[in-house]
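Here is how the chains run, residue by residue.
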Amino acid sequence: MELHDIWFILIAVLWTGYFFLEGFDFGIGVLTKLLARDRRERRVLINTIGPVWDGNEVWLLSAGGATFAAFPEWYATLFSGFYLPLLLILVCLIVRGVAFEYRVKRDEERWQRNWEHAIFWCSLLPAFLWGVAFGNIVRGVQIDAHKEYVGSVLDLLNPYALLGGLVTLSLFTFHGAVFASLKTLGDIRERARRTATVLGLITAVLAVGFLGWTQLDKGDTSSLVAMIVAVLALVAGLVMNRLGREGWSFAFSGVTIVAAVAMLFLPRDSPSYRWEVPPARTLSPMPARRGGTPTVVGHFPVHPVPGRPSALRSARPPKTDRRAETERSGVHQTPRGPPYGRTTGI
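Residues numbered from 1 in each chain as written. Predicted model: local features only at pLDDT ≥ 70, side-chain atom pairs only at ≥ 80, totals over all residues. Heavy atoms only, no water.

### Details of the pattern of salt bridges
Should their charged atoms come close, side chains of opposite charge can pair.
Then, number 1: A complete count under the given rule lists 12 salt bridges for this structure.
Then, number 2: Residue R193 is joined to E190 by a salt bridge in which the shortest nitrogen-to-oxygen separation is 3.5 Å. Here E190 and R193 lie together in helix α10 (residues 187–218), a separation of 3 residues that amounts to about one turn.
Then, number 3: With its nearest N and O atoms 3.2 Å apart, the salt bridge here joins D217 to K218.
Then, number 4: The class of D217 is partly exposed, set by a relative accessible area of 46%.
Then, number 5: Assessed through its relative accessible area of 17%, K218 is described here as buried. (Salt bridge = Lys/Arg side-chain N within 4 Å of Asp/Glu carboxyl O. Helix = DSSP H or I, 4+ residues; strand = E, 2+ residues; numbered from the N terminus. Buried < 20%, exposed > 50% of the residue type's maximum accessible area, 1.4 Å probe, protein only.)

Right under this line is the structure:
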C-alpha cells in the first residue's frame, strides 16, 4: 500500500463520517415541515440537533482539506467543474447555520417562520445535491487534456445522478426520523416512527435501484458485499423501528449510510485504485506508475500518471550554477552591497 492509498482511505472515512453525522441533521431540517405540526414541535425537533449540528460540519472541512492536501488535481477538477452545485451547497450550509442561531432572537411569528423556511430548504437542497455530485463522480464526467470539466451544469443532471440525489435525500430524512424518535417523547415520537417506516420503504426502493445500477455498471466483489450490507442494514433498521427499538434502528440506518458511501469509494478493476481512462474521454489511457500524481479521469480515480512528481512532494526546479552560467555568458555582475554579515568602516 502506497501513501496515496492511505490518503484515499482517509478521505473516504472523512466523507463517510460526514454523511453519517450530518445526514440526520439534514433529515431533522426536512422534518420540520414534514413532521412538525406547529412552532412548538418545530422547536423540539431543532433542539434535538442543537448541541451537535455545528460540530458535525467539521467533518466536511476535514474531508475537503485532506482532498486538497493529498490530491490537488482531483480537488481542482472537482471544485471547478462542480462549481455551481457546490457553491449552492455552501450557501445553504451558511444560511442554515445562521437560521439556527437567529431564529430565537425574536419572538415574532413571522421572524421565526422565515428562518424555519430557511432551515427546511437549506437542509433539503444539500441532502439532494450531495447525491447528485457523488453520482456524477462515480459515473464520470468529461474533462479535457488540462483536466478541466468540459460539460455544462445540465450534463450533471443526468438520470443516474438525479437518482443518487433522491437516494441521499430519502436516506438522510429516514435517518433523521429515526433520530427524532430516539430523542423525543409523546405523540411526536410515535409520528416520527410512522414517518420513518414510510421513508424507509421509499429509501429501500430507490437505494436498490441506485446501488444495483452502480454495481452492474462499475461494481466488483467488494462493492457487491457493501451493497448487500447496506440493504440488509436498511431492512434491519426498519424492523427495529417497528419494534420500538429506536437505538438499534438508528445504528442500522447509520450502517446503511456507511456501507452505501463505502460502495462508492471501493476500488474497482484492480485493488490498487488504478483506473484506466475510457477511450471516449479526451485523455489517452496510460499505464499506472507507482508514486505518481492522482488525477481525475472520470470516477473516483487514484491513477498515477507517469512523468509527474508525487502530489505529496513539492516539485522543485533543478539547481543551476549561476557562476558557471555567468562565466559562459562573459557577463560579470558587480555586487550591489557588502556581503551579508560583513561590516564596512565609515
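### Overview of the packing of aromatic side chains
Then, number 1: Counting across every chain of the model gives 30 aromatic pairs.
Then, number 2: Seen in terms of ring centroids, F179 and F250 are 5.6 Å apart; in terms of plane orientation they differ by 50°. Their pairing is tilted. Here F250 lies in helix α12 (residues 246–265) and F179 lies in helix α9 (residues 159–183), a separation of 71 residues in the sequence.
Then, number 3: Since its relative accessible area comes to 6%, F179 is described here as buried.
Then, number 4: By relative accessible area, F250 is classed as buried at 14%.
Then, number 5: Grouped by ring-pair contacts, the aromatic residues F8, W15, Y18, F19, F26, F71, W74, W130, F134, F172 and F265 constitute a single cluster. (Phe/Tyr/Trp six-rings, centres within 6.5 Å; stacked < 30°, edge-to-face > 60°.)

### Regarding the nonpolar core
Then, number 1: Of all hydrophobic cores here, the largest spans 77 residues; its most connected members are W15, Y18, F19, L45, F82, W130 and F174.
Then, number 2: With sequence-adjacent residues up to four places away left out, F19 is seen in contact with W130, F134, F172, I257 and V261. (Core = buried A, V, L, I, M, F, W, Y, C linked by side-chain atoms within 4.5 Å. Contact = heavy atoms within 4.5 Å.)

### A word on the state of the cysteines
Then, number 1: Throughout the structure, instances matching the rule amount to 0 disulfides.
Then, number 2: The structure places no disulfide on C92, whose sulfur is separated from the nearest cysteine sulfur, that of C122, by 4.2 Å.
Then, number 3: Residue C92 is classed as buried on the basis of its relative accessible area of 4%.
Then, number 4: The class of C122 is buried, set by a relative accessible area of 9%. (Disulfide = S-S within 2.5 Å.)

### Focus: the packing of helix α11 (residues 221–242) against α12
Then, number 1: Across the interface, α11 lies against α12 with an axial gap of 8 Å and an inter-helix angle of 160°. Regarding the angle of α11 to α12, the classification is roughly antiparallel. Handedness of the crossing formed by α11 with α12: left-handed. Counting all contacts with α11, which are made through S223, A226, M227, V229, A230, A233, L234, A236, G237, M240 and N241, the residues of α12 involved are W248, S249, F252, V255, T256, A259, A260 and M263. (Axes fitted to C-alpha atoms, helices over the stretch in contact; angles between N-to-C directions. Parallel < 35°, antiparallel > 145°, perpendicular 65-115°, else oblique. Left-handed = near helix turned anticlockwise from the far one by under 90°.)

### A closer look at unusual backbone geometry
Then, number 1: Positive phi, normally seen in glycine, also occurs at K147, with a value near 60°.
Then, number 2: Its place among the elements puts K147 in the loop between α7 (109–139) and α8 (153–156).

### Here we look at the side chain of R193
Then, number 1: The buried category is assigned to R193, whose relative accessible area is 18%.
Then, number 2: A distance of 3.2 Å separates a polar side-chain atom of R193 from the backbone oxygen of R242.
Then, number 3: In this structure, R193 is in contact with S181, N241, R242, L243, G244 and E246, ignoring residues within four places of it in sequence. (Polar contact = N/O pair within 3.5 Å; in protein donor to acceptor, adjacent residues only side chain to side chain.)

### Quick word on a nonpolar patch on the surface
Then, number 1: Taken together, the side chains of Y83, L87, L90, V91, I94, V98 and Y102 define a hydrophobic patch exposed on the protein surface, amounting to about 640 Å² of accessible area.
Then, number 2: Note that L87 resides in helix α6 (residues 83–102).
Then, number 3: A relative accessible area of 34% places L87 in the partly exposed class. (Patch = residues over 30% accessible without salt bridge, like charges linked within 9 Å, V, L, I, M, F, W, Y side chains within 5 Å. Areas by Shrake-Rupley, 256 points an atom, 1.4 Å probe, with all protein chains shown as cover.)

### Looking at the confidence of the model for the protein chain
Then, number 1: Mean pLDDT over the protein chain works out to 81, with 77% of the residues at or above the 70 mark.
Then, number 2: Of all the helices and strands in the protein chain, helix α13 (residues 322–329) carries the lowest mean pLDDT, 52, while α9 carries the highest, 96.
Then, number 3: Here residues 331–346 is modelled with pLDDT under 50, and outside its nearest four sequence neighbours on either side it reaches 3 contacts, counting other chains as well. (pLDDT = per-residue confidence, 0-100.)

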